[in-house]
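# Architecture and fold: a report
Here are the chains, one letter per residue:
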Amino acid sequence: MSETKNVLWIAGNSILPVAAKTIDFTFDSYFIGGFKGTENELSDRTEGVLSTLNGNNNVAPFKINGTGKVYCERLHFEKGYSRSFLKQGTGDLVLDNCVISGAIDTKEGCGSSFEGSNDSIVELNNCIITNNIFQRRAGSGYGAEGMGASFKSLKKIILNNCSFVGNGSTANMRDATGGAAFSANSPVVAIGCKFIGKEN
């Protein structure tokens, strides 16, 4: 991708054998899913179809960094090891009609981790973050934060009609917090959302 070729269409179900390379974007970028591989236009997509990036519980399938805005639509980030979706850097992020699920084993932000700066805005619209499970304790006195999603050091978080359901831990961790989601130093605006943690 480049500044003049900044739209990537993603089709089908991709199982990733190796860890995704963290991409440092200095330009706005668009990752568009929902394709079967036969479409010529965005309007040719079948309603409700998502494209999947599957880490097979071995790797994290999607990592972004940098100053450019990243937009993702109709993508399923699935079965990540130490997160299914990782956002860093100062750029803004928008997820539309995406699913983040099935991640295992990480210290925080098991399903997804969103970090930025005082200028960064993260917006999730009609997204589902579900069934992300912390499976081990990293050390004595240590607990996970935000098994579904962890938001840190952002200017604003906007959540519209999103569901954070069934995320949690298999261990009884006394100091774990935010089974559905966790936010630190980041103001949140949530409209029409569900936050339901998984009980140990």
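Being a predicted model, the structure only gives us computed values, none of them experimental. (Residues numbered from 1 in each chain as written. Predicted model: local features only at pLDDT ≥ 70, side-chain atom pairs only at ≥ 80, totals over all residues. Heavy atoms only, no water.)

With that settled, the discussion passes to the overall build of the protein chain. Scanning the protein chain from terminus to terminus reveals zero helices and 21 strands. Expressed as a percentage of its 200 residues, the buried residues of the protein chain come to 46%. The contacts of the protein chain with a sequence gap of at least 6 include a subset with a gap of at least 24, amounting to 72%. Carbon and sulfur atoms provide 47% of the accessible area of the protein chain, an area that totals close to 9,500 Å². (Helix = DSSP H or I, 4+ residues; strand = E, 2+ residues; numbered from the N terminus. Buried < 20%, exposed > 50% of the residue type's maximum accessible area, 1.4 Å probe, protein only. Contact = heavy atoms within 4.5 Å. Areas by Shrake-Rupley, 256 points an atom, 1.4 Å probe, with all protein chains shown as cover.)

So, on to the pairing of strand E10 (residues 93–96). Here is the key point about a regular strand: its side chains alternate between the two faces of the sheet. Burial of E10 is two-sided: the residues Leu93 and Leu95 facing one way and the residues Val94 and Asp96 facing the other way are all buried. Alignment of strand E7 (residues 70–73) against E10, held across four bridges, turns out to be parallel. Bridge pairing in E10 links Cys72 to Leu95. Relative to strand E13 (residues 121–125), E10 runs parallel, the two sharing four bridges. Among the inter-strand pairings, Val94 is bridged to a residue of E13, identified as Glu123. (Pairing = 2+ DSSP bridges.)

There is a patch of nonpolar side chains on the surface, built from Val7, Trp9, Tyr30 and Leu42 and spanning about 360 Å² of accessible area. As for its placement among the helices and strands, Tyr30 is situated in strand E4 (residues 29–35). (Patch = residues over 30% accessible without salt bridge, like charges linked within 9 Å, V, L, I, M, F, W, Y side chains within 5 Å. Salt bridge = Lys/Arg side-chain N within 4 Å of Asp/Glu carboxyl O.)

On to the state of the cysteines, then. By definition, a disulfide links the sulfur atoms of two cysteine residues through a covalent bond. Counting across every chain of the model gives zero disulfides. Summary of cysteine pairing: Cys72 is not part of a disulfide, and the nearest cysteine sulfur, belonging to Cys98, is at 5.7 Å. On the basis of relative accessible area, Cys72 is assigned to the buried category, the value being 0%. Cys162 supplies the cysteine sulfur nearest to Cys127, a cysteine that is in no disulfide, at a spacing of 4.7 Å. (Disulfide = S-S within 2.5 Å.)

A word on the environment of Thr4. Looking at the element boundaries, Thr4 is found in the segment before strand E1 (7–11). For Thr4, a relative accessible area of 71% corresponds to the exposed category. As for Thr4 and Phe27, which are separated by 23 residues in sequence, their C-alpha atoms are 9.1 Å apart.

In this section: unusual backbone geometry. A positive phi is found at Asn131, a non-glycine position, where the angle reads about 60 degrees. Structurally, Asn131 can be placed in the loop between strand E14 (128–130) and strand E15 (133–134). With a phi angle near 55 degrees, Asn185 is a residue other than glycine that sits in the positive phi range. Residue classification places Asn185 among the exposed residues on the basis of a relative accessible area of 68%.

For the structure on display, the rule yields nine aromatic pairs. Between Tyr30 and Tyr71, the aromatic rings sit 5.9 Å apart at their centres with planes inclined by 50 degrees, giving tilted as the arrangement. Here Tyr71 lies in strand E7 and Tyr30 lies in strand E4, a separation of 41 residues in the sequence. For Tyr30, a relative accessible area of 34% corresponds to the partly exposed category. Plain terms: the ring middles of Phe62 and Phe77 are 5.1 Å apart, the flat faces sit at 55 degrees to each other, and that makes the pair tilted. (Phe/Tyr/Trp six-rings, centres within 6.5 Å; stacked < 30°, edge-to-face > 60°.)

Bear in mind that shape data such as this cannot, by itself, settle questions of function.
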